[in-house]
Amino acid sequence: MKKCKDRPLSQKDPALKTRIKIIPWVVAGSMAGTTLASALQPVSARPNIIFCMSDDQGYGQVAYNRIDSKYLTPVLDDMASKGLRLDRYYAASPVCSPTRASIITGGHPYRVKVCHASFPLQFCRTTLPQMMQQNGYRVGHFGKWHLMGRERLDYIIPAGHPLSPGSMGFDTWVSAVNFFDCSEPGPFLSKMGTPVELKGDTSDAVMAEAIQFMKTSTEEGHPFIAFVWFASPHDPYKPLPEYQRLANGNKIAGEVCGVDHSMGTLRNALKAMGVSDNTLLWFMSDNGAPPNRGDNGFLDGGKNGLKEGGLRVPSIIEWPSVIKEPGVCTVPIVSTDLYATLADLVGGKMPEWGGTHDGMSVLPIIKGELTSRPQPIAFWHDKESFGKNYNDGVDETRETNERALVDNRYKIYCKGAGAYELYDVVDDPGEKNNIAGAFPEITEKMVQKLEAWQASVRIGLDANKLLIRTEK
Ligand SMILES: [Ca+2]
């Protein structure tokens, strides 16, 4: 097979067609619904839900996205070939904590002032885990948390801390305050307030804790939702020696091997428990790979920036009782959508942020009933806000202040006081050709939407001062 390092694998790519059957209702709006009935089954009552999120895994760090990949991901490749591959899944932010905040709150991270990594999630209405608790689910968190601010890496999260996973609505949690590696002197993890030291590969060890939670919940007859938030392939890049050997000595690829292996362990465990058919298993990354320390494939930029390489990350959904045939979804989806999607699934309520919703239920997209996104996705990031206080996290005068808006085809992007750029991210996902001059009307309409959204965020920031979490 011809190698082409920087070529996007679009749904038109003949090399891709040999690997996976493309379902028309997912990839082409004009054919919406044509094969829906045969491909899908009704959503089962109260399915189990698992969100597995890797840390800094870029778009190119799965073999299915690169013909010449050095990343060995046989399990993720198998999931991609059997489930629904999300080729335009976006993290809400190009760094850790804000994306996590988007999942927990269902709002853009700026609405809750989690403007960069290690900002605490102090502003919150009903969290996603609390909403799931209210709807009869057992809720567990396993792995990296990173919503408590700038604590030391070996800080053991106290059970009663107002920003602990327990205080945010998790019934069971084995969580580290930030990234960690089991081979380093610990302990790093807190099992509901008690220090625990895990051994072996970091991803495998975290997954073992999560599987125990799933088994207990299943044996006791409770539907569960598990958040498995890996600490890999984020640094310190210390894979298990056997994974590093598998990856031909590459440490970051060895870390990805660990994530992939643990996903295989999970799938086998779900089958052994007899629950795999009725479990929504959603894999994703929290942001793109750091430039030169990972691989964002054919995308421009990387972690800590709003070009596609910082935001578009690998994502796959397996849900055998609902998604009966493999497919590729090219509708834009963002991590902020997870809250609204689960609220839709279980009949829960979606909190409002500034009188609006940043996320939407993507169940109709997953089910093939909706083949385009009705509202665009807004992004806002300033890499210089790292290390600042949340009160001065939104400084719009800085040259590093980036904004973007993405719809089904176009993306506008702006940095500092620069002019807005426009890209066709369907035909030009590498953002090589700024076409703002050729399409001034599209650019202007998108700028208006983005600026209106920013105005709504500013209003919400004032209102959210009343929501600071100080109580247990
Ligand atoms: Ca990250």
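See the structure shown above.
Here's a quick rundown of the structure. (Residues numbered from 1 in each chain as written. Predicted model: local features only at pLDDT ≥ 70, side-chain atom pairs only at ≥ 80, totals over all residues.)

1. Observations concerning the overall build of the chain
- Counting secondary structure elements, the chain contains 13 helices and 16 strands.
- Considering the chain as a whole, with its 472 residues, one finds that 54% of them fall into the buried category.
- Look at the contacts in the chain between residues 6 or more apart in sequence, and 67% of them connect residues 24 or more apart. (Helix = DSSP H or I, 4+ residues; strand = E, 2+ residues; numbered from the N terminus. Buried ≥ 20, exposed ≤ 12 C-beta atoms within 10 Å, placed from the backbone. Contact = placed C-beta atoms within 7 Å.)

2. Examining the environment of L311
- Mapped onto the elements of the fold, L311 is located in helix α10 (residues 308-311).
- Linking L311 and A92, residues 219 residues apart in sequence, is a C-alpha distance of 7.1 Å.

3. Quick look at the sheet that holds strand β14 (residues 401-406)
- Here four strands make up an open sheet; going across it, the order is β13-β14-β15-β16 and the pairing antiparallel. Where the open sheet ends on each side, the last strands, each with one partner, are β13 (377-382) and β16 (421-424). Averaged over all pairs of adjacent strands, the angle between their axes in this sheet comes to 15°, without regard to strand direction.
- Examined bridge by bridge, β13 and β14 share six bridges and lie antiparallel to one another. Of the residues in β14, the one forming a bridge with W380 is R403. (Pairing = 2+ DSSP bridges. Axes fitted to C-alpha atoms, helices over the stretch in contact; angles between N-to-C directions.)

4. Focus: the packing of helix α7 (residues 202-219) against helix α9 (residues 251-273)
- Running from amino to carboxyl end, α7 crosses α9 at an angle of 15°, the nearest separation of the two axes being 9 Å. Between α7 and α9, the crossing angle belongs to the class labelled roughly parallel. By crossing handedness, the relation of α7 to α9 is classed as right-handed. Side by side, α7 and α9 meet where T202, S203, D204, M207, I211, M214, K215 and T218 of the first sit next to G258, V259, H261, S262, T265, L266, A269 and M273 of the second.
- The class makeup of the residues in the contact of α7 with α9 is seven nonpolar, seven polar and two charged. (Parallel < 35°, antiparallel > 145°, perpendicular 65-115°, else oblique. Left-handed = near helix turned anticlockwise from the far one by under 90°. Nonpolar A, V, L, I, M, F, W, Y, C, P; charged D, E, K, R; others polar.)

5. As for α7
- For α7, built from 18 residues, the straight-helix expectation of 26 Å at 1.5 Å per residue is met to within 8% by its first-to-last C-alpha distance of 26 Å.
- When α7 is considered as a whole, its buried residues turn out to be T202, S203, A205, V206, M207, E209, A210, I211, F213, M214 and S217.
- Buried residues in α7 make contact with β4 (138-144), β5 (172-176), β8 (224-229) and α9.
- Remark: G221 follows α7 within two positions and exhibits a positive phi of approximately 80°. (Expected span 1.5 Å × (residues − 1).)

6. Here we look at unusual backbone geometry
- Note that the residue after G186, namely P187, is joined by a cis bond; omega there is 0°.
- Along the chain, the position of P187 falls in the loop between β5 and β6 (189-191).
- Residue S232 is joined to P233 through a cis peptide bond whose omega torsion reads 0°.
- Mapped onto the fold, P233 is located in the loop between β8 and α8 (241-246).
- Phi angles above zero are rare outside glycine, and D56 is one such case at about 70°.
- One can find D56 in the loop between β1 (48-54) and α4 (74-82).
- For D56, a count of 27 C-beta atoms within 10 Å corresponds to the buried category.
- Within the chain, E431 stands out as a residue other than glycine whose phi angle is a positive 50°.

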